[in-house]
Amino acid sequence: MIKLEGVSLVFTGRRGQEGVRALDGVSLEVGSGEIVAVVGPSGCGKTTLLELICGLQTPGSGSVESEPAALMPQRDLLLPWLSAADNACLALRVRGVNRADSLALVKPWFERLGLSGFEQTRPAQLSGGMRQRVSFVRTLLAGKPVLALDEPFAALDALTRAEMQQWLGTALASEQQPRTVVLVTHDVEEAALLGDRIIVMSPRPGRVIADLTVPLPRPRTRTDPAVVALREQVLELLGAPV
Amino acid sequence: MSSRLHRTAFWLLPALTLLLLLGIWQLYIDVSGVSSLVLPSPHEVARALVNDRGTLLRNLGRTALEIVCGILIAVAFGFVAAVLIHWSTLVRRALYPLLVASQAVPLVILAPVLVLWLNFGLRPILVVIALVCFFPIVVTTLGGLETVDPELLKLMRTFDASRWQQFRRVELPSAMPGLLTGIKIAAVFSVIGAVFGEQDAGSGSGLGYLLNATFANYEPAEEFATVCVLSGFAILLFVLLTVAERRMLPWAYQMKEIQSR
């Protein structure tokens, strides 16, 4: 459960002058277990939105309420000196779970996400898609009710991205208690494939210009006419030439 | 370049350079007829190395002990200083400029004070070596601590990591390659530090003492032989540290190899 009310945030520039206005009067409510995709042009304050939800930023005005949230950053940000499995354990280890127990918790996720056999491999020797999956397991095992995913697949090639979007849908559905997910993306198709709702944001300063409910069941395919129509609708809202 | 060729070149190239330099040196002495009291020939130095091997090795033992202990002291203090400077803006402002300035102070002027405070013997020598090694260790460790991605620390905060956990799990491991680099630089400096220290503290043994003694006795061949042992020891230390680095921080090497591909 997340609730933002009239949130504005201005980053002060150097020497105290008026800086970048990142968000302007953003109100947003996300129910428990909902998957909300946030789309918008680059620099519209999407990442700032996630940092507010994760408590890494405080709003200039307005209020932010959220259940504890774990962030999955845009870059995978794995620790180069740890093995894949130890990286996935990181949040658990910070919480005080011992290594053996953490690894036992990681194991089924590695099996589910096709990472079995790569437990001892260091990040530098994993492919981009695998690193993102390890990063995802790490976020998932942080044990927070809210997942804040910041462009999780932006850095991947089209094929891997499509694959990852598919398993993200399955992975989220396969959990016992569904998590609340805020998925920030600039990929409109990704939003149409995964979101229960799509929030469309304006260019800087970021405002919510549309809040679309997606009544389609998952898993969805990108060629489904309803998904295509939704994608076109969002692109139009973003001002893309039709 | 294949790895075997690479490895051969690693040993062969410096050996060839050395041989070439020795050849030029010998040729210069043969042609110019310069007195061996001014500049001994490589031939004479080699003979001194063999004849005095007992003395050289005994004194090397003493100097090696001083160097290893001096570096360890410098690592302990340098690491703590780097962490304090990294953590506290106050400490950084108060200490860092002075630290830089202190490096410009010639150690020779400190020798009398050190001897006054610490007496003769091992202690003032260790202090001189530690002083020489301290700075490179602080600077490279600090560099390592500062390369930590701030996004990574943000991520750790979303996992509710305390300041200490952020340090232990992210900053400390990130600083290790820097620390090792610092120790490698320090190892080379430490040899000079040991020579200074032994000479200024009036030591009765060690390679620095031997340099003094052979100089005073007009034994240039023996003096040069001592320098050869010193250089050899510096190289040995450097190689050992490089091997240790590869063993202890394989991930740093993997990243380097991948980047250079």
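It should be emphasised that the depicted structure is a prediction, and the values quoted were computed from it without experimental measurement. (Residues numbered from 1 in each chain as written. Chains lettered and ligands numbered in written order. Predicted model: local features only at pLDDT ≥ 70, side-chain atom pairs only at ≥ 80, totals over all residues. Heavy atoms only, no water.)

Draft legend 1. Main features of the interface of chain B and chain A. Across the contact, 21 residues belong to chain B and 22 residues belong to chain A. Counting the surface lost from both chain B and chain A, the interface buries some 2,100 Å², and carbon and sulfur atoms represent 65% of this. Looking at the side of chain B facing chain A, the largest losses of area belong to Thr158(B), Phe159(B) and Arg169(B), adding up to 31% of the total buried there. Linking chain B to chain A there are three salt bridges. We note a salt bridge from Asp149(B) to Arg75(A), for which the minimum N-O separation is 3.0 Å. Mapped by element, the contributors of at least two residues to the side of chain B that touches chain A are α7 (150–158), α8 (163–200) and α11 (250–260) of chain B. Counting residues per element, the side of chain B that touches chain A draws most heavily on α7(B), at seven residues. For the side of chain B that touches chain A, the residue count by class is eleven nonpolar, four polar and six charged. (Contact = heavy atoms within 4.5 Å. Buried area = accessible area lost by both parts, 1.4 Å probe. Salt bridge = Lys/Arg side-chain N within 4 Å of Asp/Glu carboxyl O. Helix = DSSP H or I, 4+ residues; strand = E, 2+ residues; numbered from the N terminus. Nonpolar A, V, L, I, M, F, W, Y, C, P; charged D, E, K, R; others polar.)

Draft legend 2. The arrangement of the domain arrangement of chain B in detail. All names here are of chain B. Considered domain by domain, chain B is made up of domain 1 (1–34) and domain 2 (40–260). Opposite the four residues of domain 1 that make contact, domain 2 presents six residues. Of all residues in domain 1, the largest losses of buried area upon contact with domain 2 belong to Trp25, Gln26 and Ile29, amounting jointly to 79% of the total for that side. The interface formed by domain 1 and domain 2 holds zero salt bridges in total. The tally of links from domain 1 across to domain 2 stands at one residue pair in polar contact (both at pLDDT 80 or more). (Domains from an automatic or database assignment. Polar contact = N/O pair within 3.5 Å; in protein donor to acceptor, adjacent residues only side chain to side chain.)

Draft legend 3. Representation of empty space enclosed by the protein. Residues and elements named next belong to chain B. Under the definition given, this model contains one cavity of 30 Å³ or more. If you go around the largest cavity, the residues you meet are Ala111, Leu114, Val115, Pro124, Ile125, Val128, Gly197, Asp200 and Ala201. Of all elements in the fold, only α5 (111–118), α6 (122–146) and α8 reach the threshold of two or more residues within the lining of the largest cavity. Looking at the lining of the largest cavity residue by residue, the classes come out as seven nonpolar, one polar and one charged. (1 Å grid on protein atoms, 1.4 Å probe; cavity = no way out; pocket = protein on both sides within 12 Å on 5 of 7 lines; lining within 4 Å. Points joined across faces, edges and corners; volume = space filled by probe spheres on them.)

Draft legend 4. Representation of the confidence of the model for chain A in the model. For chain A, per-residue confidence averages 87 on the pLDDT scale, and 96% of positions sit at 70 or higher. When mean pLDDT is compared element by element in chain A, helix α2 (residues 84–94) of chain A scores highest at 94, while helix α5 (residues 158–173) of chain A scores lowest at 80. (pLDDT = per-residue confidence, 0-100.)

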